Amino acid sequence: MSLRDCLRYWRPESLTLAMPPQPAKLPALCQVLAQRVGAVQRVAPSPLSLQELYDSIRDCHLQGRPLTSLPIKTLKQAPWVFYYGEQHLADAANFVVQYFQWLESLSPLRQGRVLILLWYVLMQKYPMRSPSFAWLCHLVDSALAASTRIKVQNVYKACQDYALLSADGPDLFASDLLTQGLREACVRRLFSEELFVSQFVSHGAECAQSLLSRALASPDNVVLLQNFIAQYEREESVRHLFPKSSTINALLLPFVNKTPTEEIYKGPIRDFLLRQFKDPRVDNRLWHGAATAALAVMERWLVAAQLQDFFSILRDTAEPAWQERQRFWSRYLSLGVISKAWVILGKEARVAAKQTTLPRNSFADLTGAMSNQSVLLMQIDSLVIIEWSHSGACRFCDEGDASVPQFYLNKYTASELRPPDSIAVRHAGNWQFNISQHIYQQAGIR
């Protein structure tokens, strides 16, 4: 059909257009605009301008001249340098009193702008250890309450709702951070993007880690842990907010003297730490600064996880008699006396290992042995135990022996795992009694 014929037979009612009820991007745009309009944003002067501003106000104060002798522009910008440099202007004698006397002489409009800036700087710097901090917070709070400006009243309401100028402000922020997320907690407090990385938020993050650590004492706070893990893995800003060592300590130190169940805390925390910070036995670079006790907890959990995975793998690649060995070593695992464990897998077992939860670098490769053979390398006290699958013997050596195999290597040969100085106990007869007696004689553990 030609174009002429198409136009001849065309009727407007034949044209159907699917019109959306509103522009598709409108809701998201409205949300962004609402956040930008509601948030308080201030642009700080350049470093050079800050230094000049600080020097001019400090010299005026040290020379005993009244602050009103300074240009009004300088005084309006003064909050930027209240806590600038080594000697804070806010801590200088009678400085804050003079500044608020000048502030009271301003018109409501100008006064409101300076008050919002003062509040903004207090949130940005949050100098808790400064002698003037609590007093200045009280003065700002009172001045905000007295102002009739709408924007000032919005800030004052946020201060009242979230205790931003009170001592418990960071604790309230910590609770919201863990339950609602970083962005939601900041937006509710009228924080602009710049205040997402403020000292108030940083201190609130420290409180959040303490709160999370205390919450882990109760099994009822699994959702809180799940929220934290989801935030940490989803948002880069959250990862920057929580120091690595502090995060590790917060999640592990509550379990120094107790062992949670796999489903409640141990599994989620262990797997999260492995994803984010790797196995500390193999690569401890991201664990720098973590408490020794926290590292001990993680290693204890990894020992249990590796033995359980090893038992699972060997069900498919070892002889049925391995079940007896699993029951035997599970008893020592339940006693908590196995301080180290490393899984060394043959070719067939490595295929089965792909179905486990632990990452690839959490076990080693075995060469020079039968493809279905594997080894479990353990340590109880100073006794190193080399447990072979299939017809292999269980070997014992002291950690100080010259030929003792090292833990946490990537690859082992069969000869390395049969050191000449070791004592071999065959899995025949009453082998359980023979092995347990050797462990008792060497390590004093029944």
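S.K.: Please set out the overall build of the chain residue by residue, giving values where relevant.
M.R.: A count of helical and extended segments in the chain gives 19 helices and 7 strands. Partitioning the contacts of the chain with sequence separation of at least 6, the portion at a separation of at least 24 is 66%.

S.K.: I'd like to hear about helix H8 (residues 150-162), residue by residue, with values.
M.R.: Taking 1.5 Å of rise per residue, 13 residues should cover 18 Å, and H8 covers 18 Å from first to last C-alpha, within 8% of that figure. Restricting attention to buried positions, one finds in H8 the residues Val 152, Val 155, Ala 158, Cys 159 and Tyr 162. Take H8 and look down its axis: the buried residues cluster within an arc of 120°, on one side only. Buried-residue contacts for H8 involve helix H6 (108-125), helix H7 (133-146), helix H9 (169-180) and helix H10 (182-188).

S.K.: Please give an account of the pairing of strand E3 (residues 375-380) that cites residues and values.
M.R.: Where burial is concerned, most of E3 is hidden: 6 out of the 6 residues are buried. Neither face of E3 is left uncovered, since the one carrying Val 375, Leu 377 and Gln 379 and the one carrying Leu 376, Met 378 and Ile 380 both have all their residues buried. Across 6 bridges, strand E1 (residues 338-345) lies against E3 in antiparallel orientation. Across the sheet, Trp 342 pairs through a bridge with Leu 377, a residue of E3. Direction of pairing for E3 relative to strand E4 (residues 383-388): antiparallel, over a ladder of 6 bridges. Bridge pairing in E4 places Leu 376 opposite Glu 387. From the end of E3 to the start of E4, which pair antiparallel, there are 2 residues, and Asp 381 there has a positive phi angle of about 60°.

S.K.: Just give me the short version of the packing of aromatic side chains, but keep the residues and values in it.
M.R.: Overall, the coordinates contain 26 aromatic pairs when judged by the stated rule. Taken together, a centroid distance of 5.5 Å and an interplanar angle of 50° make the contact between Phe 255 and Trp 301 tilted. On the criterion of sequence distance, the pair formed by Phe 255 in the loop between helix H14 (244-252) and helix H15 (262-277) and Trp 301 in helix H16 (residues 292-317) is long-range, its members being 46 residues apart. For the pair Phe 255 and Trp 301, a shared accessibility class is recorded, and that class is buried. Each residue in the set Trp 119, Tyr 126, Phe 133, Phe 173, Phe 191 and Phe 200 is aromatic and connected to the rest through ring pairs, giving one cluster. It is Arg 331 that lies over the ring of Tyr 332; its NZ or CZ is 4.6 Å from the centre. Over the ring of Trp 388 we find Arg 418, and its NZ or CZ is 4.1 Å from the ring centre.

S.K.: Quick rundown of unusual backbone geometry? Include the residues and the values.
M.R.: A positive phi angle, close to 70°, is found at Asn 94, a residue other than glycine. Looking at the element boundaries, Asn 94 is found in the loop between helix H4 (72-77) and helix H5 (95-104). Although it is not a glycine, Asp 381 adopts a positive phi angle of roughly 60°.

S.K.: Account for the sheet that holds E4, with residues named and values stated.
M.R.: The mixed open sheet is built from 7 strands, whose spatial order is E6-E2-E1-E3-E4-E5-E7. Both edges of this open sheet fall to strand E6 (411-413) and strand E7 (423-425), since each of them pairs with a single strand only. Ignoring which end each strand starts from, the neighbouring axes of this sheet average 25° apart. Across the sheet, helix H17 (residues 322-335) is in contact with E1, E3, E4 and strand E5 (394-398); its angle to E4 comes to roughly 160°.

S.K.: Help me get a handle on a positive patch on the surface, residues and values and all.
M.R.: There is a patch of like positive charges on the surface, built from Lys 73, Lys 76, Arg 110, Arg 113, Arg 149 and Lys 151. The set of elements that each furnish at least two residues to the positive patch consists of H4 and H6. Along the polypeptide, Arg 113 turns up in helix H6. Residue classification places Arg 113 among the exposed positions, given a relative accessible area of 51%.

The rules behind each value
- Residues numbered from 1 in each chain as written.
- Predicted model: local features only at pLDDT ≥ 70, side-chain atom pairs only at ≥ 80, totals over all residues.
- Heavy atoms only, no water.
- Helix = DSSP H or I, 4+ residues; strand = E, 2+ residues; numbered from the N terminus.
- Contact = heavy atoms within 4.5 Å.
- Expected span 1.5 Å × (residues − 1).
- Buried < 20%, exposed > 50% of the residue type's maximum accessible area, 1.4 Å probe, protein only.
- Arc of directions from axis to C-beta.
- Pairing = 2+ DSSP bridges.
- Phe/Tyr/Trp six-rings, centres within 6.5 Å; stacked < 30°, edge-to-face > 60°.
- Lys NZ or Arg CZ within 6 Å of the ring centre and 35° of its normal.
- Axes fitted to C-alpha atoms, helices over the stretch in contact; angles between N-to-C directions.
- Patch = residues over 30% accessible without salt bridge, like charges linked within 9 Å, V, L, I, M, F, W, Y side chains within 5 Å.
- Areas by Shrake-Rupley, 256 points an atom, 1.4 Å probe, with all protein chains shown as cover.
- Salt bridge = Lys/Arg side-chain N within 4 Å of Asp/Glu carboxyl O.
- Lys, Arg positive; Asp, Glu negative; His and termini not counted.
- Charge placed at Lys NZ, Arg CZ, Asp CG, Glu CD.

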